[in-house]
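Topology and contacts: notes
Chain residues, written in single-letter form:
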Amino acid sequence: MDQSLEFLHDILPFLHVVAAIAFLIKIVIVFRTKGLDFPAVVISFFRIYSKSEKYMSNNKARQQFIALNNSINYYLYAWALITLIVYLVYQNPY
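Here goes a summary of the coordinates provided.

So, how was this worked out
Once a new chain begins, its residue numbering starts again from 1 and follows that chain's sequence as written. At least 70 in pLDDT is required for a residue's local features to be given in this predicted model, at least 80 for side-chain atom pairs to be given and counted, and no such filter applies to totals for whole chains, interfaces and linings, which use all residues. Here the side-chain values reflect all heavy atoms present in the structure, with hydrogen atoms and water set aside. Secondary structure elements follow DSSP: runs of H or I no shorter than four residues count as helices, runs of E no shorter than two count as strands, and numbering proceeds from the N terminus. Atoms considered for the radius of gyration are the C-alpha atoms alone. The globule rule reads 2.2 Å times the number of residues to the power 0.38. Classification of residues uses two cut-offs on accessible area relative to the type maximum, computed with a 1.4 Å probe and protein chains only: under 20% is buried, over 50% is exposed, and between them is partly exposed. Charge assignment in this entry is limited to Lys and Arg as positive and Asp and Glu as negative, and neither His nor the chain termini are counted. Every case where a carboxyl oxygen of Asp or Glu lies within 4 Å of a side-chain nitrogen of Lys or Arg is listed as a salt bridge. We call two residues in contact when some of their heavy atoms are within 4.5 Å. Comment: axis = line fitted to C-alpha atoms, over the contacting stretch for helices; angle = value between 0 and 180 degrees taken between N-to-C directions. When describing relative orientation, an angle under 35 degrees is termed roughly parallel and one over 145 degrees roughly antiparallel, while 65 to 115 degrees is termed roughly perpendicular and anything else oblique. Note on convention: the crossing is left-handed when the near helix lies turned anticlockwise from the far helix by less than a right angle, right-handed when the turn is clockwise. Each residue gets one of three labels, nonpolar for Ala, Val, Leu, Ile, Met, Phe, Trp, Tyr, Cys and Pro, charged for Asp, Glu, Lys and Arg, and polar for the others, Gly among them. A patch consists of residues whose relative accessible area exceeds 30% and which take part in no salt bridge; residues with like charges are grouped when within 9 Å of each other, and nonpolar side chains (Val, Leu, Ile, Met, Phe, Trp, Tyr) when within 5 Å. All accessibility values rest on the Shrake-Rupley procedure with a 1.4 Å probe; residue burial counts only the protein chains present in the view. Nonpolar cores were defined as sets of buried Ala, Val, Leu, Ile, Met, Phe, Trp, Tyr and Cys residues, with membership established by side-chain atoms within 4.5 Å.

This brings us to the overall build of the protein. Within the protein one finds 4 helices and 0 strands. Ordering the α and β elements of the protein from the N terminus gives α-α-α-α. In terms of overall dimensions, the protein is more spread out than a globule: its C-alpha atoms have a radius of gyration of 16 Å, far above the 12 Å expected for 94 residues. By principal-axis analysis of the C-alpha atoms, the protein measures approximately 50 × 25 × 15 Å. Here the protein holds 94 residues, and 28% of them are scored as buried.

So this is what it looks like as structure tokens:
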């Protein structure tokens, strides 16, 4: 357990960089899909599409958007959880 927490603590700066890139990609794909709709960007961080929504869409670009949106959301949720755990254990994010 200590080794895994130490490992997470060591790679946390890298995870922050990847999360920043994921945020930017997320903003770009939402703007490309829905236009310059800022509420849609905020809502997209809390929306997980079901597999049935993905497969019911006939538009290939929409299916790719749904898959990428879900993947980015899963990563960002995991990143936030890891950051919280490391902060609670070490009382220092770095």
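Next comes the rest of the account.
Moving on, we get to the side chain of K26. If you trace the backbone, K26 turns up in helix 1 (residues 2–34). Buried charge K26 goes without a salt bridge, the closest partner of opposite sign being E53 at 12 Å. Those residues in contact with K26 that sit more than four places away from it in its chain are S44, F45, N69, I72 and N73.

Mapping N73 onto the fold places it in helix 4 (residues 60–90). With a relative accessible area of 0%, N73 lands in the buried category. Not counting chain neighbours up to four residues away, the residues in contact with N73 comprise K26, S44, F45, R47 and I48.

Packing of helix 1 against helix 4 brings their axes to within 8 Å, and their N-to-C directions diverge by 150°. By the angle between their axes, helix 1 is roughly antiparallel relative to helix 4. Helix 1 and helix 4 meet at a crossing whose hand is left-handed. For the contact of helix 1 with helix 4, a count of residues per class yields 22 nonpolar, 6 polar and 4 charged.

Our next topic: a nonpolar patch on the surface. A cluster of nonpolar side chains, L81, L84, I85, Y87, L88 and V89, forms an exposed patch at the surface whose accessible area comes to about 550 Å². With respect to the helices, strands and loops of the structure, L84 is situated in helix 4.

The next thing to look at is the environment of L84. Assessed through its relative accessible area of 47%, L84 is described here as partly exposed. Spatially, the C-alpha atoms of L84 and Q64 are 30 Å apart, while their sequence positions differ by 20 residues.

A19, A22, I29, V30, A40, V41, F45, Y49, F65, I66, I72 and L76 form the largest nonpolar core, which has 12 residues in total. For this core, the elements supplying multiple residues, two or more each, are helix 1, helix 2 (38–44) and helix 4.

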